[in-house]
Amino acid sequence: MSQSQTKPQRRKLSAGPLSRGDKWFFRTTSAAAHFAFVLVALVLGFLLFQAWPVLQSQGVNFVLGSTWDPDSDPMVLQLGPMLWGSLLIAVLGILIATPMAISMAYLIVFMLPKRWASVATTLIDLLAALPSVVLGLWGLLVFTPIAAGWAEILNKYLGFIPLFQVTDPENGFMRSPFIAGWIVAVMIVPIITSVTREIFSQLDRDLINGALALGGSRLSTFRRVIMPTASSGVVGGVLLGLGRAVGETVAIFYVLNLSMEINWMNLVEPHGGAVASWILARFGEASPLEKQGLMAAGLVLFILTLIVNYIANVIVNRAQPWRKNQ
Amino acid sequence: MLLALLAGLDLTMSFITLFVPLQLIVSSFVGYRAFGRRGIGDAILVVLTIFFSTFVLILLLSVLYSVITEGAKAISFQFIGQNNVYVSPTTSLDYGGVGHAILGTLIVVLLTTLAAVPLGVAMAIYLTQSQSKTRNLVRTFTQALSGLPSVVSGLFILSIIEATQMGRSGITGSLALFPLMLPTVARVAEEALRLVPVDLRYAALALGAPNYRAFFQVILPAAKSGLLTALLLGLARVVGETAPLILTMNPSSGTNLNPFDGGMTTLPTYIYNYLASSYQTSQARAWGAALVLLMVVGILFALARILGKSKSKKSKATK
């Protein structure tokens, strides 16, 4: 380039205002997207509006007390046993489901040949979409006798542990939190397995191969390479399952004997509680004031699942930096 | 193990207390012989993994098995076609059916879809196409909404019904299903739109297209199968919902095609109503309805899978 040539002039790049069509496009989609805010706010707001009188009159005892008597004057509505029951069944379900889900995911990703692995994956994803009412049907008619049998054996041989004690073995074990916990476990296993399988399959294969090359065995690789790397994601998946378990209504509705006597630890005792099923059970013949109490119960449930899901998402997002939003 | 069976333990318990520990010990022994001390750990891991996985598979497959075998007893063309208007709990299975429930499901889900899909896709467009700073907030709120328990959604619509004296009908049912379908559709549609290579959009913009034309004429056709998957997964989620519909709709035994007036039954509420009856025929009806529901969900899922696979095959072919 000779120096006598003039340097090309700098072009001015201008980004003009959006065309009319574009303005419309972005404004409409933005309005639609912010509708999610509106919807969440509406749900919380309406429930709060209906539930506020009840919450005000019952105070903190709404979640701590254990009497639900809509006919007394003043009305006493307290959710304690149901809330504890929901948590108990959910925790039981997770304790049962997590080892099974992790083993299933490990099997699919690290042990099965490719074709079987994809068949198993499809099967698990399909089972995750099982409607909960079908699970309730199966649970009541097919699974309850079997699980009651297990409960009886647990009570017979391990009855010295307070967990497995009953007040009256003759009562039968047909409607205990134990059975409800198993049904909830069956329901959330596919969810946890899907999430875990996805995390396992996205682990860096080089890490695992490196561990094996350094002389690791299956067990040591699992314990020291796979689980630490995948643990946050697995915890996130478990919490997602927990969120689903706590909101489960119909599946355990017929399987649980809802009673207001708080059942702290006796898993095989034939009465328990669950907030969602309680709402379903009571709303049919509820007076308007009692309906407000049920709305308050629903509010408590929603807030609980919000908290659980929020924690789950924080953990999962931290564990999977490749999923960070752009 | 035979001795234990003879001693009176049933199959399950003898399996657990004898077979598995025996298996653990034998395989540990083999592992030790083959690999030394670390072979033991490996063997235990493998045995436990297979045990747990088989256990959970048996439970899950038992659900499918029960529905298929019990439902097959009740299913027939008449079962799928007729409704239950003149049916009492003791009527034989030759009369009555779930026709009205299938129609009810179709109507309610269709109404929900008409509202949820455009809104969900619009949300996905916003999240992927715009550069707004509130995108993360919208995503968080959508995830919060996806955790809404179905019964709370029903309660929400119930409170609106009572506040406005609207009266229960099919439309209130689909209103209750709307907050459940929306986040699913939005999330999957967002992933589908994100899969489209961003170069396509830049190319369209470079050629002078305004954003909306770039979207509708370039990105949307490219993401078509993904968006269809979003629709199908949203449908699969909502088709099986029971609790919100119980709270916001009155059941009916006859066919009711009017979503604005009168009760309507859907497949899940049908199952719920017949589930706990003590009559054998009613229980058989519930199983039959469950089988029909399962087939519907299975078809939706299979369609979503096929669309997903064909899309990945296409992208592999172009690479």
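Quantities reported herein were computed from a predicted structural model and do not represent experimental measurements. (Residues numbered from 1 in each chain as written. Chains lettered and ligands numbered in written order. Predicted model: local features only at pLDDT ≥ 70, side-chain atom pairs only at ≥ 80, totals over all residues.)

This part is about the overall build of chain B. The helix and strand inventory of chain B stands at 14 helices and 0 strands. Starting at the N terminus, the α and β elements of chain B follow one another as α-α-α-α-α-α-α-α-α-α-α-α-α-α. Expressed as a percentage of the 319 residues in chain B, the buried residues total 45%. Taking as baseline every contact in chain B between residues at least 6 positions apart, the subset at least 24 positions apart corresponds to 71%. (Helix = DSSP H or I, 4+ residues; strand = E, 2+ residues; numbered from the N terminus. Buried ≥ 20, exposed ≤ 12 C-beta atoms within 10 Å, placed from the backbone. Contact = placed C-beta atoms within 7 Å.)

Okay, the overall build of chain A next. Within chain A, the regular secondary structure consists of 10 helices and 2 strands. Reading chain A from its N terminus to its C terminus gives the helix and strand order α-α-β-β-α-α-α-α-α-α-α-α. Look at the contacts in chain A between residues 6 or more apart in sequence, and 78% of them connect residues 24 or more apart.

In this section: the domain arrangement of chain B. All names here are of chain B. Domains assigned within chain B are domain 1 (2-74) and domain 2 (99-318). Between the C-alpha centres of domain 1 and domain 2 there is a distance of 39 Å. Contact residues are listed per partner, giving 7 residues for domain 1 and 7 residues for domain 2. Considering only residue class, the side of domain 1 that touches domain 2 consists of 4 nonpolar, 1 polar and 2 charged. (Domains from an automatic or database assignment. Nonpolar A, V, L, I, M, F, W, Y, C, P; charged D, E, K, R; others polar.)

Our focus in this paragraph is the interface of chain B and chain A. Taken together, the contacts link 68 residues of chain B with 69 residues of chain A. For the side of chain B that touches chain A, the element with the highest residue contribution is helix α3 (residues 37-74) of chain B, accounting for 16 residues. The class makeup of the residues in the side of chain B that touches chain A is 46 nonpolar, 18 polar and 4 charged.

Looking now at the packing of helix α3 (residues 80-111) of chain A against helix α6 (residues 177-201) of chain A. All names here are of chain A. Running from N to C, α3 and α6 cross one another at 40°; their axes reach a closest spacing of 5 Å. The pairing of α3 with α6 is recorded here as oblique in orientation. Taken as a pair, α3 and α6 cross one another with a handedness that is right-handed. Here the residues of the contact of α3 with α6 sort into 23 nonpolar, 7 polar and 1 charged. (Axes fitted to C-alpha atoms, helices over the stretch in contact; angles between N-to-C directions. Parallel < 35°, antiparallel > 145°, perpendicular 65-115°, else oblique. Left-handed = near helix turned anticlockwise from the far one by under 90°.)

What follows is about the nonpolar core. Counting residues in hydrophobic clusters, the biggest one holds 185 residues, and the most contacted among them are A:Ile183, A:Val275, B:Ile271 and B:Ala290. Among the elements that line this core, the one with the most residues is α3(A), at 18 residues. Residues lining this core come from more than one domain, with at least three contributed by each of domain 1 (2-74) and domain 2 (99-318) of chain B. Filtering out sequence-adjacent residues up to four positions away, B:Ile271 remains in contact with A:Val133, A:Leu137, B:Ala286, B:Ala289 and B:Ala290. (Core = buried A, V, L, I, M, F, W, Y, C linked by C-beta atoms within 7 Å.)

All names here are of chain A. Structurally, valine 63 is set in helix α2 (residues 61-64). We classify valine 63 as partly exposed; it has 18 C-beta atoms within 10 Å. Along the chain, valine 63 and valine 300 lie 237 residues apart, while their C-alpha atoms are 8.4 Å from each other. Apart from residues no more than four positions distant in its own chain, valine 63 is found in contact with Leu79, Gly80, Leu83 and Val300.

Compared with an ideal rise of 1.5 Å per residue, which puts 12 residues at 16 Å, helix α6 (residues 135-146) of chain B spans 17 Å between its outermost C-alpha atoms and is within 8% of the ideal. Of all the residues in α6(B), the buried ones are B:Val138, B:Phe141, B:Thr142, B:Ala144, B:Leu145 and B:Ser146. (Expected span 1.5 Å × (residues − 1).)

Moving on: the packing of helix α1 (residues 20-58) of chain A against α6(B). Two numbers describe how α1(A) lies on α6(B): the axes approach to 9 Å, and their chain directions differ by 45°. Taken together, the axes of α1(A) and α6(B) lie oblique to each other. In the packing of α1(A) onto α6(B), the handedness of the crossing is left-handed. In contact with A:Ala33, A:His34, A:Ala36, A:Phe37, A:Leu39 and A:Val40 of α1(A), α6(B) contributes B:Val138, B:Phe141, B:Thr142, B:Ala144 and B:Leu145. Taken together, the residues of the contact of α1(A) with α6(B) sort by class into 9 nonpolar, 2 polar and no charged.

Moving on to the environment of A:Asn257. All names here are of chain A. Residue placement: asparagine 257 occurs in the loop between α8 (218-246) and α9 (275-282). Overall, asparagine 257 belongs to the partly exposed group, with 17 C-beta atoms counted inside 10 Å. As for asparagine 257 and arginine 175, which are separated by 82 residues in sequence, their C-alpha atoms are 5.4 Å apart.

With respect to the helices and strands, A:Gly298 occurs in helix α10 (residues 288-319). The buried category is assigned to A:Gly298, around which 28 C-beta atoms lie within 10 Å. Setting aside chain neighbours within four positions, we find A:Gly298 in contact with A:Leu47, A:Ile279, B:Val151, B:Val152 and B:Leu155.

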